[in-house]
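Structural description and commentary
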Amino acid sequence: MEGNLLLTTDSYKISHHRQYPPQTTLVYAYLESRGGPYLEQVFFGLQYILKKHLIGKVITKEKLEEAAEFWKEHFGNDIIERDMWEYIIEKYDGHLPIRIKAVPEGTVVPTGNVLMTIENTDPKCSSLTTFLETILLQVWYPITIATNSREIKKILLKALVRTGDPKLIKTQMHDFGFRGVSSYETSAIGGCAHLTSFYTTDTISGCVLARNYYLAKEIAANSIPATEHSTMVSWTRARERDAYENILDTYPTGTVACVSDSYDIYNACENIWGGSLRDKVLARDGTLVIRPDSGDPMEVLARLLTILYAKFGGHVNEKGFQVLDKHVRIIQGDGVNLKTIHDIVNLIEEIGFSTDNLVFGSGGGLLQKFDRDTMKFAIKCSYVEITGVGGFAVAKDPITDTGKRNKPGRLKLVKTDEGSYRTLSSIQHAEEYEKAADQLVTVFENGHLLKEYSLETIRKTCNISVDQLDSIQFMKTDSLK
C-alpha cells in the first residue's frame, strides 16, 4: 500500500466530499504560519513533496481499488468518492487537476502571510483541494527546520562579526541529527532543510535528498573524520593517551575531531593534548577539534578555552579577542539549540574569546524538537464557488481563539516598498488586490511540476550577508527552552 496517494490523507477526509454544499465547483485553500516565536519563515520543502507524491500519474484503477477496499474495512461501510477518482483516471490519466502556487523556495517571509495556495482546476473535483491538505501541510517541518537554522546563522554571524572572521560562518553549525529523529525520511528532509543555511553535516540523508530532489550536482555538505566514545574507551582509561595519539597518527593532515570527555575532559586537555601530545598536535598539518560531550557547556567551555590557550597559545585578533593557535579548536555538540548557542557565544565573548575558536553540533535540538504548532502552521479554506451562487469568501473565526481566525477570499503575496512582504485579500483589499503583482508562483498544475529550484539557488535566496545584520529581525530567545 505504500506509494498510494489515496491513502496519504486523514481518515475523516474520505467523508468530506458529501459535506460540501451541493454543486460546489471550486475550493481554494492557503498555507500560513499563524504565529510562534519566529518572526519570519524560510519557505522550503514543497518541491520534495510534489516530486515524491503528486507529480505524474498518481491515481490508477489498481490504486483506487486498493484504497476502496481499505476504506471500506476501515470505516465499516463504503463512503468513497469513487465517481471523482474514476473521472480523474479517465479524463486526466490519473494526473491531479490541481493548481498550487507558492512563494519561491528559499524566500524569507514575515510570519502571518500566505505562503502557498491550492485550488482544483476541474469543477468536478472540488473536494480534491482539501483531500491533499494532509500531505501538503507536512511542509511545516522543512520550513521550520530551515527557519530555525537560519536564526542560528544570524546569531553566529553576528558573533563572528563582533569577535572574529565572518567568512567561517558556513561551517559553524554541524548537523548531528540523523540518529535523533523519528525516521530516515525525517532525517533527510530536516537534514536538507538545515543545509539551506550551512555546509557541514553528518546527516548524509540530507545530502542524498538534495541530490535527488533539489538538483544538487555537487555534494551539498562536507564532514570530517571524528571519534565516538566506543573508539576511545576501547583503549581503556589506562591507555587514554594512546587512543588520542592514534588519532594524530591515523590522520596526520587535515581537520579531525576527537571526543575527549570519556573520563576527565580537563585532564585530557591540560595534560594529554596540551601536555605529552602538545608538540605532536602543533606539528600536524591540520586542526585538532576537541569535543566535550557532557556537563554544563557554559562552565565547561569557559574552562577549556582558558586551558587550551594557556597550553597552545594563540593571538589577540584585530577586534581584541583571543584566538587559539590554528592547530586547535573546540566543537560543542551536547545540549545545543538556538537558545544555548545564543548564551554560549555571549559568554565566550564576555571572557575575551573569539567565536572563531568554536563550532557547534546539534542533533535533536536541530531536527527533532519541533512540531506543527511551533510556528502554528495551518492550511485553511478561504474561498469557494457554487453553481447558481457564484464565488464567495469563507473563513473560520472562533470566539474562543482569535489566533485561529483565517484570511478570507483569494490571496496574493505582494512586496512592500520596504522590500518585505504582505498578504492581500480579494475581499479585504479588493482594489489593491486586482492591481498588485503576486509573488506566489504556479509550481504545480494538473500533475506537472512547472517550476523547479536548486539547492544552490535556495541558499542564495535565503542567505544573510554581513551588511544585512543591522536591518534584519532577530527573534527573542528569552522564551525558548
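Quick look at the structure, then. (Residues numbered from 1 in each chain as written. Predicted model: local features only at pLDDT ≥ 70, side-chain atom pairs only at ≥ 80, totals over all residues. Heavy atoms only, no water.)

**Side note on the overall build of the protein chain**
Within the protein chain, the regular secondary structure consists of 17 helices and 18 strands. Considering only C-alpha atoms, the protein chain reaches an extent of 85 × 50 × 45 Å along its principal axes. Each of the 481 residues in the protein chain was classed as buried or not, and the buried ones make up 53%. Carbon and sulfur atoms make up 48% of the accessible area of the protein chain, which totals about 21,400 Å². The protein chain carries 55 positive and 62 negative side-chain charges, and their two centres are separated by 2 Å. (Helix = DSSP H or I, 4+ residues; strand = E, 2+ residues; numbered from the N terminus. Buried < 20%, exposed > 50% of the residue type's maximum accessible area, 1.4 Å probe, protein only. Areas by Shrake-Rupley, 256 points an atom, 1.4 Å probe, with all protein chains shown as cover. Lys, Arg positive; Asp, Glu negative; His and termini not counted. Charge placed at Lys NZ, Arg CZ, Asp CG, Glu CD.)

**Some points on the sheet that holds strand β12 (residues 358-362)**
Strand pairing in a sheet is mediated by backbone hydrogen bonds. Such pairs are either parallel or antiparallel. In spatial order, the strands read β6-β12-β11-β8-β7; together these five strands make up an open sheet with parallel pairing. Either end of the sheet is taken by a strand with one partner, and the two such strands are β6 (173-175) and β7 (256-259). With strand direction ignored, the average angle separating the axes of adjacent strands in the sheet is 30°. One ladder, built from three bridges, connects strand β8 (residues 288-291) with strand β11 (residues 328-332); its direction is parallel. Within the sheet, the bridge partner assigned to L288 lies in β11 and is V328. Of the strands in this sheet, β8, β11 and β12 are in contact with helix α13 (residues 297-312), which crosses β11 at around 170°. (Pairing = 2+ DSSP bridges. Axes fitted to C-alpha atoms, helices over the stretch in contact; angles between N-to-C directions. Contact = heavy atoms within 4.5 Å.)

**Some remarks on a positive patch on the surface**
Taken together, the side chains of R372, K376, K396 and K404 make up a positively charged region of the molecular surface. Position of K404 relative to the elements: it lies in the loop between β14 (390-393) and β15 (411-415). Overall, the relative accessible area of 37% leaves K404 in the partly exposed class. (Patch = residues over 30% accessible without salt bridge, like charges linked within 9 Å, V, L, I, M, F, W, Y side chains within 5 Å. Salt bridge = Lys/Arg side-chain N within 4 Å of Asp/Glu carboxyl O.)

**Points about the nonpolar core**
Among the nonpolar cores identified, the biggest contains 137 residues, and W85, I100, L136 and W273 are the most heavily contacted of them. Among the elements that line this core, the one with the most residues is helix α6 (residues 140-163), at eleven residues. If we ignore the near neighbours within four places in the chain, the residues touching W85 are L6, I59, L64, W71, I80, L128 and F131. (Core = buried A, V, L, I, M, F, W, Y, C linked by side-chain atoms within 4.5 Å.)

**Side note on a nonpolar patch on the surface**
A surface patch of nonpolar side chains, amounting to about 380 Å² of accessible area, comprises F178, Y184, I204 and V208. In this fold, Y184 is placed in helix α7 (residues 184-194).

**A closer look at α13**
An α-helical segment advances 3.6 residues per turn. Residues three or four places apart therefore align on the same side. Given a rise of 1.5 Å per residue, 16 residues ought to cover 22 Å, and the 21 Å separating the end C-alpha atoms of α13 matches this to within 8%. The complete set of buried residues in α13 reads P297, V300, L301, A302, L304, L305, I307, L308, Y309 and F312. Here α13 starts with a cap whose side-chain oxygen sits 3.0 Å from the backbone nitrogen of M298, and that cap is D296. Looking at the residues trailing α13, positive phi occurs at G313, about 75°. (Expected span 1.5 Å × (residues − 1). Polar contact = N/O pair within 3.5 Å; in protein donor to acceptor, adjacent residues only side chain to side chain.)

**Some details on the pattern of salt bridges**
Taken as a whole, this structure holds 27 salt bridges when the rule is applied. Here K154 ties to E40 by a salt bridge, and the two come within 2.7 Å at their closest N and O atoms. With K154 in helix α6 and E40 in strand β2 (residues 40-42), the pair connects residues that are 114 residues apart, well separated along the chain. The residues K154 and E40 share a single accessibility class, namely buried.

**Remarks on the packing of aromatic side chains**
Tallied over the full model, the rule gives nine aromatic pairs. Judged by centre distance (5.9 Å) and plane angle (55°), the ring pair of F178 and Y184 falls under tilted. Using a relative accessible area of 30% as the deciding quantity, one classes F178 as partly exposed. For the cation-ring pair, K170 lies above Y199, with the distance from its terminal atom to the ring centre recorded as 4.6 Å. R459 extends its terminal NZ or CZ atom over the ring of Y199, reaching a point 3.7 Å from the ring centre. (Phe/Tyr/Trp six-rings, centres within 6.5 Å; stacked < 30°, edge-to-face > 60°. Lys NZ or Arg CZ within 6 Å of the ring centre and 35° of its normal.)

**Digging into the pairing of β14**
By the bridge criterion, four bridges tie strand β13 (residues 377-386) to β14 in an arrangement that is antiparallel. By the bridge assignment for β14, E385 is matched with G391. Linkage of β13 to β14, two consecutive antiparallel strands, is achieved through a turn of three residues, within which G388 is found at a positive phi near 85°.

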